[in-house]
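Analysis of the macromolecular model
The residues making up each chain are set out below.
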Number of protein chains: 2
Amino acid sequence: MGRSSRLAFDPIDRAGELWSTHFGDPLSMKVVTSVMRVQQLLLAELDAILKPFDITFARYEVLVLLTFSRNGSLPLSKIGERLMVHPTSVTNAIDRLERQGLVRRVPDASDRRRTLAELTPSGKRLTKRATRALTEADFGITGVPEHAQRQLYDLLRDLRASAGDFPHPDEDVSRPA
Amino acid sequence: MGRSSRLAFDPIDRAGELWSTHFGDPLSMKVVTSVMRVQQLLLAELDAILKPFDITFARYEVLVLLTFSRNGSLPLSKIGERLMVHPTSVTNAIDRLERQGLVRRVPDASDRRRTLAELTPSGKRLTKRATRALTEADFGITGVPEHAQRQLYDLLRDLRASAGDFPHPDEDVSRPA
DNA sequence: GTGATTTACTAGGACTTCCGAGTATTTGAA
DNA sequence: TTCAAATACTCGGAAGTCCTAGTAAATCAC
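Just so it is clear, the structure is predicted and the values come from calculations on it, not from any experiment.

Quick notes on the rules
Residues numbered from 1 in each chain as written. Chains lettered and ligands numbered in written order. Predicted model: local features only at pLDDT ≥ 70, side-chain atom pairs only at ≥ 80, totals over all residues. Heavy atoms only, no water. Helix = DSSP H or I, 4+ residues; strand = E, 2+ residues; numbered from the N terminus. Buried < 20%, exposed > 50% of the residue type's maximum accessible area, 1.4 Å probe, protein only. Contact = heavy atoms within 4.5 Å. Axes fitted to C-alpha atoms, helices over the stretch in contact; angles between N-to-C directions. Parallel < 35°, antiparallel > 145°, perpendicular 65-115°, else oblique. Pairing = 2+ DSSP bridges. Salt bridge = Lys/Arg side-chain N within 4 Å of Asp/Glu carboxyl O. Core = buried A, V, L, I, M, F, W, Y, C linked by side-chain atoms within 4.5 Å. Near = heavy atom within 4 Å. Polar contact = N/O pair within 3.5 Å; in protein donor to acceptor, adjacent residues only side chain to side chain. Buried area = accessible area lost by both parts, 1.4 Å probe. Nonpolar A, V, L, I, M, F, W, Y, C, P; charged D, E, K, R; others polar.

To continue, consider the overall build of chain A. Within chain A, the secondary structure is distributed over 7 helices and 3 strands. Overall, chain A shows an N-to-C arrangement of helices and strands of α-α-α-β-α-α-β-β-α-α. Structurally, chain A occupies a C-alpha span of about 65 × 50 × 30 Å along its principal axes. Residues classed as buried in chain A amount to 46% of the 177 residues present. A fraction of 47% describes how many contacts in chain A between residues 6 or more apart in sequence connect residues 24 or more apart.

Next up, the structure:
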């Protein structure tokens, strides 16, 4: 893993020091490296929490999305949109979930290009239990105070906004350009 | 990609709303999802910047680390430690870099278990150029003001600290327990 | 000094992500 | 209406991450 063998110092800070002696101001490099590292830590933690349920966080996200949908089913394309991943990633996830009996593929009569993914009863039960486990573990960020979580969310949201991840509130979507 | 097809709303906010009606307080879930998403966006941006040089960010990190080392070479194990990735990930990266002629494997005479990865002249040149491209693009976070970057770095550092990512300053490493 | 343990690297496999390309179906335009 | 363009899904492949397990070499203990 990346986590277990801990150094006697913070490798990101160290990299920043070396960076500044070679290249210049390391702030943006440190920010980006930190994001990568935190993602790595969180994902490892989440997957560890979900391991007893034999799913990964990627597949858990699909299950939750289906739980939120009105009738427990969604076209694969919608899943990809909402989760912001490539269509082939959805195919891959649904393949595995279907093999595990947690989800079923159902043809969509109203548009025969589409395939719906539908939660099975077993899928619904597992999602409940997995969600309990994740919320009890606070998604792997217990120890981070609430105000810090809020600040973090806001800053990340600003970053996403400046990367064009979602429309600005003052952008009129109905009347483009 | 996840980026191109933008929804008319923020999927993370929306997931938070749905989450709260089904399960409860979505703050930690929103924070974690945001980290995942930002990592995805940044990595895509960095890889796009590096595409003309025919390397990925993962391989770039290896090259920079070698640049920082005294003689342009390091044992693979050190690389894994510093980059906080699994030994097999290093093997994989070095395999590719070696195939590209950017790095050379050199046996370590002082410890014959070890293999050193050494920058080739071509590897050194490419690292310079790639670094220029990345710094000019501010590592994909142009548009994020400096104070926000600082706050973000500090919050992520706190999060890493609470996950035990590095020793606390008041922890005496030389005298364990 | 010899044997057990630890360390370093690699091989193979699972999982996720992306991309490009191909097939089917629906929509839209002439 | 008929043909072109857009949309939905899948297949195969590349790249990254991790894990388990195996071999070789160094270190530690007795």
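Let us now look at the packing of helix α3 (residues 57-68) of chain A against helix α5 (residues 87-99) of chain A. Residues and elements named next belong to chain A. Two numbers describe how α3 lies on α5: the axes approach to 10 Å, and their chain directions differ by 85°. The angle between α3 and α5 places the two elements in the roughly perpendicular class. Counting all contacts with α3, which are made through R59, V62 and L63, the residues of α5 involved are A93, I94, R96 and L97.

Before going further, it helps to examine unusual backbone geometry. Residues and elements named next belong to chain A. If you check the backbone angles, D54 has positive phi at about 65° while not being a glycine. Examined against the element boundaries, D54 turns out to sit in the loop between α2 (27-50) and α3. By relative accessible area, D54 is classed as exposed at 54%. Positive phi values are uncommon outside glycine, yet F139 reaches one of about 55°.

Turning to the sheet that holds strand β1 (residues 73-75) of chain A, a few remarks are in order. Residues and elements named next belong to chain A. Sheet architecture is open: 3 strands sit in the order β1-β3-β2, paired in antiparallel fashion. Strand pairing shows two members of the sheet lacking a second neighbour, β1 and β2 (103-107), which therefore form its edges. Averaged over all neighbouring strand pairs, the angle between strand axes comes to 30°, with direction disregarded. Both β1 and strand β3 (residues 115-119) contribute to a ladder of 3 bridges, which runs antiparallel. Residue pairing in the sheet places L74 in a bridge with A117 of β3. On the sheet, helix α4 (residues 76-83) packs against β1, β2 and β3 and is oriented at approximately 90° with respect to β1. Against the sheet, α5 touches β2 and β3, its axis set at about 115° to β2.

Taken as a whole, this structure holds 25 salt bridges over all chains when the rule is applied. Salt-bridge contacts for R157(B) lead to D10(A); the nearest nitrogen and oxygen are separated by 3.4 Å. Placement of R157(B) in helix α7 (residues 146-162) and of D10(A) in the segment before α1 (11-22) is noted, with the two residues assigned to different chains. Owing to a relative accessible area of 24%, R157(B) belongs among the partly exposed residues under this scheme. Under the relative-accessibility criterion, D10(A) is labelled buried at 5%. Among the charged side chains, a salt-bridge network with shared partners connects D10(A), D13(A), K30(A), R37(A), R157(B), R160(B) and D165(B).

What follows deals with the environment of A58(B). All names here are of chain B. Topologically, A58 is positioned in helix α3 (residues 57-68). Relative accessible area serves as the criterion here: at 48%, A58 is assigned to the partly exposed category. Along the primary structure A58 and V90 are separated by 32 residues, whereas in three dimensions their C-alpha atoms are 9.5 Å apart.

Hydrogen bonds along the backbone pair up the strands of a sheet, which may run parallel or antiparallel. All names here are of chain B. The strand order across the open sheet formed by 3 strands is β1-β3-β2, and the pairing between neighbours is antiparallel. This sheet does not close on itself; its edge strands, each paired only once, are β1 (73-75) and β2 (103-107). Each strand of the sheet is rotated relative to its neighbour by a mean of 30°, with strand direction disregarded. Together, β1, β2 and β3 (115-119) form the strand contacts of α3, whose direction differs from that of β3 by roughly 90°.

Counting residues in each nonpolar core, the largest one holds 98 residues, and the members touching the most others are I55(A), Y60(A), I79(A), I55(B), Y60(B), I79(B) and I94(B). Ignoring sequence-local partners within four residues, the contact set of I55(A) consists of L50(A), Y60(A), L63(A), Q100(A), L102(A), L126(A) and A130(A).

Taken together, 24 residues lie near DNA strand D, and S77(A), T56(B), R59(B), S89(B) and R96(B) sit nearest. The sugar-phosphate share of atoms of DNA strand D within 4 Å of the protein amounts to 73%. Within the side chain of N92(B), an N or O atom sits 3.5 Å from a phosphate oxygen of DNA strand D. In this structure, R112(B) approaches DNA strand D through a main-chain N or O atom, which is 3.1 Å from a phosphate oxygen. Put simply, the parts of the chain that give the surface near DNA strand D at least two residues each are α4 and α5 of chain A together with α3 and α5 (87-99) of chain B.

A word on the interface of chain B and chain A. Every contact between the two is made by 74 residues of chain B and, on the other side, 74 residues of chain A. Across the chain B/chain A interface, buried area totals approximately 7,300 Å², and carbon plus sulfur atoms make up 71% of it. At the junction of chain B with chain A, the criterion picks out 8 salt bridges. Where D13(B) meets R157(A), a salt bridge forms, and the shortest distance between an N and an O atom there is 2.8 Å. Linking chain B to chain A there are 14 residue pairs in polar contact (both at pLDDT 80 or more). Going through the elements one at a time, α1 (11-22), α2 (27-50), α3, α4 (76-83), α6 (121-136) and α7 of chain B are the ones with two or more residues in the side of chain B that touches chain A. If one sorts the elements of the side of chain B that touches chain A by residue count, α2(B) sits on top with 18 residues. Here the side of chain B that touches chain A is built from residues that sort into 40 nonpolar, 17 polar and 17 charged.

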